[in-house]
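# Structure at a glance
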Amino acid sequence: MEDTEKREVCQGYTIKMYPEEIARFKRLASEMDNVKTQRDALNALMDFFENPKTVVKDNPELIKKNQELQEEIEELQETIANLKSALAMHQEEADSRTKAIANKPENIFEVEVHPVAFHFLKGMAAHQSKHKNTEVTPGDILVDLFLCDLQNPRANNLPYIVTSSEVRAKLEEYKKNHPEEYGKEA
């Protein structure tokens, strides 16, 4: 059997190397797959340098670690997607609250009441609800107290006094401008 293609005769090639480089080369050669001689090791290194994607070293530990890392990447990407979704939802809620606050009528506002004062406000509202046979809220109590205090010069802790006739006039003006709230009374 004759080869149709003849190779040239092998030639020697000498490289001067330090002892630690020789030891390093021999160690690499011993770790390479399908390498029996130093010549095979050198060829494998040259192949790897010229075509790094075609030379694959099967290392079960690295393959397992790559799979674990890929799974972790997928989990993190899912977490990121969930966080982005939650962020978008919270942003929409914040925007809608901001719009609701901006569109709130001027006469509606929130007030923080001290827990002790709130206890008595709730009690007073419950008492008035029973007495009037209709629901009275702590806010109703505060408004009533304000209006009463506004008109009473002896118990007034407010900066000025308003007469009952001024309050009635303002209420009549409001009823006239908002008949839908007072039905046929206006």
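Scroll up to find the structure this text is about.
What comes next is a walk through the structure. Fair warning: this is a prediction, and the values are worked out from it, not measured in the lab.

### Comments concerning the overall build of the protein
- A count of helical and extended segments in the protein gives 7 helices and 0 strands.
- Along the protein, helices and strands appear, N-terminal first, in the series α-α-α-α-α-α-α.
- Looking at the protein as a whole, 8% of its 186 residues qualify as buried.
- In the protein, of all internal contacts separated by at least 6 residues, the share reaching a separation of at least 24 is 8%.
- Per element, the accessible surface of the protein, about 17,700 Å² overall, is 55% carbon and sulfur.

### A short note on helix α5 (residues 138–151)
- Between the first and last C-alpha of α5 there are 20 Å, a value that for 14 residues agrees with the 20 Å anticipated at 1.5 Å per step.
- Ile141, Asp149 and Leu150 are the residues of α5 that are buried. Buried residues in α5, looked at end-on, bunch into an arc of 165 degrees, giving them a common side.

### Points about the nonpolar core
- With 5 residues, the main nonpolar core is built from Phe25, Ala29, Met32, Val35 and Ala41.
- What Ala41 contacts, discounting residues up to four positions off in sequence, is Phe25, Ala29, Met32 and Val35.

### Let's talk about the packing of helix α4 (residues 115–132) against α5
- Relative to each other, α4 and α5 sit at 90 degrees, their axes nearing to 8 Å. Taken together, the axis directions place α4 and α5 in an arrangement best described as roughly perpendicular. Residues Phe118, Leu121, Lys122, Met124, Ala125, Gln128 and Lys132 of α4 touch α5, and the partners they reach there are Pro138, Ile141, Leu142 and Asp144.
- Residues of the contact of α4 with α5, tallied by class, amount to 7 nonpolar, 1 polar and 3 charged.

The rules behind each value
Residues numbered from 1 in each chain as written. Predicted model: local features only at pLDDT ≥ 70, side-chain atom pairs only at ≥ 80, totals over all residues. Heavy atoms only, no water. Helix = DSSP H or I, 4+ residues; strand = E, 2+ residues; numbered from the N terminus. Buried < 20%, exposed > 50% of the residue type's maximum accessible area, 1.4 Å probe, protein only. Contact = heavy atoms within 4.5 Å. Areas by Shrake-Rupley, 256 points an atom, 1.4 Å probe, with all protein chains shown as cover. Expected span 1.5 Å × (residues − 1). Arc of directions from axis to C-beta. Core = buried A, V, L, I, M, F, W, Y, C linked by side-chain atoms within 4.5 Å. Axes fitted to C-alpha atoms, helices over the stretch in contact; angles between N-to-C directions. Parallel < 35°, antiparallel > 145°, perpendicular 65-115°, else oblique. Nonpolar A, V, L, I, M, F, W, Y, C, P; charged D, E, K, R; others polar.

So, to be careful, I would describe these as geometric facts and stop short of saying anything about function.
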